[in-house]
Amino acid sequence: MAFQTPRHKGPHSVGLAIKHLQTLRRRDFLTGGALIDGQWVPGRERDLVIDPATGEQIADVARCGAAEMDMAIAAAERSFPTWRELPPRRRGAILRSWASLVLEHAEELAILVTSEQGKPLAEARQEIAYGAGFLEWFAAEGERAYGETIPSHKPGSLLQVRMQPIGLAAAITPWNFPVAMITRKAGAALAAGCPVIVKPAPETPLCALALARLAEQAGLPPGVFQVLVGNPVELSTPLLNDPRVRALSFTGSTPVGRLLLEGAAGNVKKVSLELGGHAPFIVFDDVDLEKAVEGAMAAKFATSGQDCLAANRIYVQKRVYSGFVDRFATAVAQLRVGHGLDPTTDIGPMTKLSVANKCMSHIDDAVTKGARVDSAKQGADLGPNFVPPTLLSDVTEEMLIAREETFGPVAAVLPFDSEEEVISRANASEMGLAGYVYTDSLRRALRLSEQIECGMLGINTASFTGPPIPFGGWKQSGLGREGSRHGLAEYMELKYVCFGDLTA
Ligand code: NAD
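Residues numbered from 1 in each chain as written. Predicted model: local features only at pLDDT ≥ 70, side-chain atom pairs only at ≥ 80, totals over all residues. Heavy atoms only, no water.

K.L.:
Could you clarify how one ought to interpret the sheet that holds strand S6 (residues 158-165) in this entry?
P.N.:
The pairing of strands in a sheet comes from backbone hydrogen bonds and takes either a parallel or an antiparallel form. In spatial order, the strands read S5-S6-S22; together these three strands make up an open sheet with antiparallel pairing. Looking at the sheet topology across the chains shown, the edges are occupied by strand S5 (148-150) and strand S22 (492-499). Across the sheet, the axes of successive neighbouring strands diverge by a mean angle of 25°, strand direction being ignored. Pairing geometry for S5 and S6, over three bridges, is antiparallel. In the strand pairing of S6, Ile 150 is matched with Leu 159. (Pairing = 2+ DSSP bridges. Helix = DSSP H or I, 4+ residues; strand = E, 2+ residues; numbered from the N terminus. Axes fitted to C-alpha atoms, helices over the stretch in contact; angles between N-to-C directions.)

K.L.:
Before we go on, may I ask you to explain the sheet that holds strand S13 (residues 311-317) in this structure?
P.N.:
Spatially, seven strands are ordered S14-S15-S16-S13-S12-S18-S19 in an open sheet, and the strand pairing comes out mixed. In this open sheet, the two strands that pair with only one neighbour each are strand S14 (372-373) and strand S19 (456-459). One ladder, built from three bridges, connects strand S15 (residues 390-393) with strand S16 (residues 410-416); its direction is parallel. Looking at S16, one finds that Leu 391 is bridged to Ala 411. This element, helix H10 (residues 289-301), spans strand S12 (279-283), S13, S15, S16 and strand S18 (434-438) of the sheet and lies at about 170° to S12. Lying over the sheet, helix H11 (residues 318-333) contacts S12, S13, S14, S15 and S16, oriented at roughly 135° with respect to S13. (Contact = heavy atoms within 4.5 Å.)

K.L.:
Explanation requested: the domain arrangement of the protein in the structure shown.
P.N.:
By a widespread convention, an interface's size corresponds to the accessible area lost as its parts come together. As far as domains go, the protein holds domain 1 (16-275 + 481-489) and domain 2 (279-466). Computed from C-alpha coordinates alone, the two centres of domain 1 and domain 2 are separated by 31 Å. Taken together, the 26 residues of domain 1 in the interface contact 29 residues of domain 2. Interface area, domain 1 with domain 2, both sides summed: about 2,000 Å², of which 63% is carbon and sulfur. When the buried surface of domain 1 facing domain 2 is broken down by residue, Ala 53, Pro 120 and Trp 175 rank first, second and third, together holding 25% of it. For the pair domain 1 and domain 2, the number of links is one salt bridge. The partner of Lys 352 in a salt bridge is Glu 203, with the nearest N and O atoms 3.5 Å apart. (Domains from an automatic or database assignment. Buried area = accessible area lost by both parts, 1.4 Å probe. Salt bridge = Lys/Arg side-chain N within 4 Å of Asp/Glu carboxyl O.)

Written out as structure tokens, the structure is:
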């Protein structure tokens, strides 16, 4: 597997991740085996885990391939009848105990997140709480997989609809939320009665394997929850080709989502996809600019910008445009860039060099085409994965940043005149994951809530995710939903049963 070679090490942070990892009480979080059929498999070869801030090797993990994945599928198949038959309350008890263990080990898991993903430790701690929340929520929701009784159109008959577990589930997860994206998928699948096989991103295997240690401790039986790390194509091919795998849930880029959708077509799996975003963030001239800037900062710079909900196009109405840009620039200039384990850090490194390079290309393209740069240049000298938090104003639709997801700490601000115009510009995208609207007018908020084409919309707020909400997008941002009762349904099949001839 190709990992980036360090070209530059942030001088102040060399050894920081290793020092923190040495403090972990749970040494087994670092042993890096794969969990297959209740066994910890060391792997024939090992893959390196890299601190994205410094390029240093911080651990190594078992590399699995197609043979190990076949074993995992067979083990999941064997575990399915018993897991499915367990009453939902008993499945829920195991999920709750897994959640408790995650919270008990929150600090150690947060250190793993920051060490391999790069986000500031305070955000990593939030992710652990967020991730445990899905296990707790689905533990309860599994008991509410109610069916229906339909008033019959056929005399002397009883019509029922049941929800039954779909079968084996596969989860292919990204590196930006290496804990929560696993619990959001696995919590739903397990609560529904389905065994799940997780293929985490190769950049962030330690979090996945630590979750597996805790899952095992919580009492998840062999084969019910398995984690295999390795080459994405080698591991996903058996998952796609095996007809016993009935559900596939993926979070990541739209091109890979398309490939997986095509691959799953061969045996018509149920596919849920959470793909890229390109969220519009619309600021009308009737709002309190301080609140709008606070919202834009949160919506753009959380997770160092590596968030599918990130505000990628910030449209500001012309009357307040320069006031907004001035305040926004002041706030952006105060962001501190550094190693995520340094408590003063607001913006960490990009997890992947390719993401940092994409950010820099968006900045260069925008500047070449006439955008103004309104931010400090700090961070550029820390290493190749660091991107200075940047505010680009006077952005136009010709610039790349207005047309595709950046996935980094680069904010693009575009002026607009009218409501009608901004709705049309906001909707002129193949993506439709999230959107944000800031306005003091209730009527306008209602109109926009109807007209913006996206799966999730925040009105006067930048914070709206959590276990009870249906997370997912329109258009090429995805298929299906995660979280909420809709997320549980992704792992269930409906069965209609007609009891006929009931008349005595
Ligand atoms: P990616 O889609 O390549 O990776 C996501 C997951 O898919 C990882 O587990 C990866 O190993 C796996 N994967 C990659 N290629 C695969 C293949 N051919 N078959 C099976 N699995 C495969 O994403 P990336 O390259 O790491 O990031 C690129 C862009 O994707 C980002 O800049 C961002 O736009 C988007 N992204 C979105 C999210 C999100 O939360 N929606 C998360 C990560 C990345």
